[in-house]
Amino acid sequence: MSAEARLREDICLLAKSMFDRGLTGGSSGNISARLDDGRLLVTPTGSCFGGLDPGRLAVLDGGAHVAGDAPTKEVALHAAFYDTRSATGAVVHLHSCHSVALSVLPDTDPDNMLPPITAYGVMKLGKVALLPYFMPGDPAMGDAIKGLAGKRSAVVLAHHGPVVAGKDIEAACYAMEELEETAKLALMTRGMGPTLLSDAQVQGLVRKFGVEWDD
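Residues numbered from 1 in each chain as written. Predicted model: local features only at pLDDT ≥ 70, side-chain atom pairs only at ≥ 80, totals over all residues. Heavy atoms only, no water.

A. Expanded view of the overall build of the chain. Summing up its helical and strand segments, the chain has 7 helices and 8 strands in all. For 215 residues, the compact-globule estimate of 2.2 N^0.38 gives 17 Å, and the C-alpha radius of gyration of the chain, at 17 Å, lies within 12% of that figure. Within the chain, buried positions represent 47% of all 215 residues. Counted over contacts in the chain with a minimum sequence separation of 6, partners at least 24 positions apart contribute 66%. Summing over all exposed atoms, the chain offers an accessible surface of approximately 10,000 Å²; the carbon and sulfur share of this is 54%. Across the chain, the mean location of the 19 positive side-chain charges is 3 Å away from that of the 26 negative side-chain charges. (Helix = DSSP H or I, 4+ residues; strand = E, 2+ residues; numbered from the N terminus. Rg over C-alpha atoms; globule rule 2.2 N^0.38 Å. Buried < 20%, exposed > 50% of the residue type's maximum accessible area, 1.4 Å probe, protein only. Contact = heavy atoms within 4.5 Å. Areas by Shrake-Rupley, 256 points an atom, 1.4 Å probe, with all protein chains shown as cover. Lys, Arg positive; Asp, Glu negative; His and termini not counted. Charge placed at Lys NZ, Arg CZ, Asp CG, Glu CD.)

Written as structure tokens, this is what we have:
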């Protein structure tokens with residue numbers, strides 16, 4: 001099996017896993033992954049993660065759609081991560097409910113929206129930025145990502161959902177799942193005075209695991 005064929009299979013397998021576990025529903029969410037030659041494999045617009053066909057994934061070359069079904073209308077969102085974070089090998093965007101719920105609460109910190117509840121939330125995500133509402137498909141979403149100058153691997157679009165970039169498709173999906181689980185824990189413990197990781201503990205993780213954690 002070629003590297004491209006394997007990546008096509010992996011995208012569909014991981015997408016179905018997330019769909020089956022309720023991380024995104026209906027025809028929501030989209031995934032892209034970069035091939036060795038720089039082309040992107042992208043999930044088609046209006047497709048369901050529960051039934052993707054590896055042979056029908058869109059292929060983009062230099063931003064142009066060259067093969068497969070029509071890509072997601074949120075290509076600009078994905079492209080912005082590839083343009084600003086050279087190590088990005090895949091981008092995952094979901095409409096997962098707990099992160100969306102957290103995005104609309106008035107006291108959520110837009111610079112660092114996830115409280116440091118678990119070590120893995122810090123290690124896999126760093127600081128997660130909360131971006132304002134944009135109409136789905138609006139190219140301004142990509143501009144907002146570019147405005148972060150590559151300093152975030154994960155963001156949440158208010159009223160919409162999380163977007164995570166990773167070195168490969170597995171890393172992006174696993175970080176996305178960590179984001180949603182941390183958002184769930186944040187909502188479960190909200191108003192209960194939970195004991196969070198201290199600043200010293202967070203900085204220890206940052207140093208030990210090379211986490212991106214700008215001031």
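B. The arrangement of helix α6 (residues 169-189) in detail. The first and last C-alpha atoms of α6 sit 30 Å apart over 21 residues, in line with the 30 Å expected at 1.5 Å per residue. Burial in α6 covers these residues: Ile169, Ala172, Cys173, Ala175, Met176, Glu177, Glu178, Leu179, Glu180, Thr182, Ala183 and Ala186. Measuring from the backbone nitrogen of Glu170 back to the side-chain oxygen at the start of α6 gives 3.3 Å, which picks out Asp168 as the cap. (Expected span 1.5 Å × (residues − 1). Polar contact = N/O pair within 3.5 Å; in protein donor to acceptor, adjacent residues only side chain to side chain.)

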